[in-house]
Amino acid sequence: MCCISKFLTPITKSNARHLSSITLIVGAFLVNSFGHKVTANAGIAVAVASFALLITSGGLSLRELFLGAVFGLGLGNGLLATANLSLMMNMTDPRHAGVYIGTWGFAQAVGVGSAALVGGVLRDAAFRLTGNELSSYFAVFGLEIILLLIAVPLLLRLNVQRFRETSERLSPTQALAA
């Protein structure tokens, strides 16, 4: 039986802070240079490629590739988070800023929490079906790839200017529902 966790090595808090800072700087540069949607899509592309590399590295038992994929996944998620946060900040108007920032924080927390729960349940269900730990992780990573790819056309539909115009005419609750 193969276990992906055997590849994990501890990352010190100091290294994690440096990597987070690098992702923030790169993300801010990309947002300022190319815009929110391009940066978010770059984050999605890096995350999708990283999930594919996680699947490949697990199947081939390539520790170095696995560690690189984990780094890439962190980079992709960091770029996506930076782009999403700055996109949300651009969509707010001063009258609704507190409501939108609070709603974004709540949605982010619910998303992260439910992703961990659903991912764990799906991994356990896949393991019960296949009896293979590696296949169960592959199933979850494959689903994450699909969901990230679904996010691309949804992201492209966002129109910051239209949202701001709409939100200025409506109450915060009505604007969020629109």
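Above this text you will find the structure in question.
Here is what the cut-offs are and how they apply
Residues numbered from 1 in each chain as written. Predicted model: local features only at pLDDT ≥ 70, side-chain atom pairs only at ≥ 80, totals over all residues. Heavy atoms only, no water. Helix = DSSP H or I, 4+ residues; strand = E, 2+ residues; numbered from the N terminus. Contact = heavy atoms within 4.5 Å. Areas by Shrake-Rupley, 256 points an atom, 1.4 Å probe, with all protein chains shown as cover. Axes fitted to C-alpha atoms, helices over the stretch in contact; angles between N-to-C directions. Parallel < 35°, antiparallel > 145°, perpendicular 65-115°, else oblique. Salt bridge = Lys/Arg side-chain N within 4 Å of Asp/Glu carboxyl O. Phe/Tyr/Trp six-rings, centres within 6.5 Å; stacked < 30°, edge-to-face > 60°. Buried < 20%, exposed > 50% of the residue type's maximum accessible area, 1.4 Å probe, protein only.

Draft legend 1. Region of interest: the overall build of the chain. A tally of helices and strands in the chain yields 7 helices and 0 strands. Listed by position from the N terminus, the elements making up the chain come as α-α-α-α-α-α-α. Long-range pairs, those at least 24 residues apart, make up 74% of the contacts in the chain between residues at least 6 apart in sequence. About 10,600 Å² of surface is accessible on the chain, with carbon and sulfur atoms providing 69% of the total.

Draft legend 2. Spotlight on the side chain of serine 50. With respect to the helices and strands, the residue serine 50 is situated in helix α2 (residues 36-60). Among residues more than four places away in sequence, those in contact with serine 50 are Ala69, Gly72 and Leu73.

Draft legend 3. Just the packing of helix α3 (residues 63-91) against helix α6 (residues 160-169), in detail. Running from N to C, α3 and α6 cross one another at 45 degrees; their axes reach a closest spacing of 9 Å. One finds that α3 runs oblique with respect to α6. Within the contact between the two elements, α3 uses Leu87, Asn90 and Met91 and α6 uses Val160, Phe163, Arg164 and Ser167.

Draft legend 4. View of the pattern of salt bridges. Counted under the stated rule, the structure contains 1 salt bridge. Across the pair arginine 123 and aspartate 124 runs a salt bridge whose closest N-O atoms are separated by 2.9 Å.

Draft legend 5. Representation of the packing of aromatic side chains in the model. Scanning the model with the defined rule gives 2 aromatic pairs in all. Each ring, one from phenylalanine 51 and one from phenylalanine 141, has its centre 5.5 Å from the other, and the planes form 35 degrees; the classification is tilted. Here phenylalanine 51, found in helix α2, pairs with phenylalanine 141, found in helix α5 (residues 133-157); they are 90 residues apart in sequence, far enough to count as distant. The pair formed by phenylalanine 51 and phenylalanine 141 is uniform in burial state, with each residue classed as buried. Centroid distance tyrosine 137 to phenylalanine 141: 6.1 Å. Interplanar angle 45 degrees. Geometry classified as tilted. Separated by 4 residues within a single helix, tyrosine 137 and phenylalanine 141 lie in helix α5, roughly one turn from each other. Judged by its relative accessible area of 12%, phenylalanine 141 falls in the buried class. Ring pairing ties together the aromatic residues Phe51, Tyr137 and Phe141, which thus form one cluster.

Draft legend 6. Seen up close, unusual backbone geometry. One non-glycine residue, serine 61, lies in the positive phi region at around 55 degrees. Residue position: serine 61 is located in the loop between α2 and α3.

Draft legend 7. Structural view of the side chain of serine 136. Its place among the elements puts serine 136 in helix α5. Residue classification places serine 136 among the buried positions, given a relative accessible area of 0%. The residues touching serine 136, leaving out its near neighbours within four places in the chain, are Arg123, Ala126, Phe127 and Thr130.

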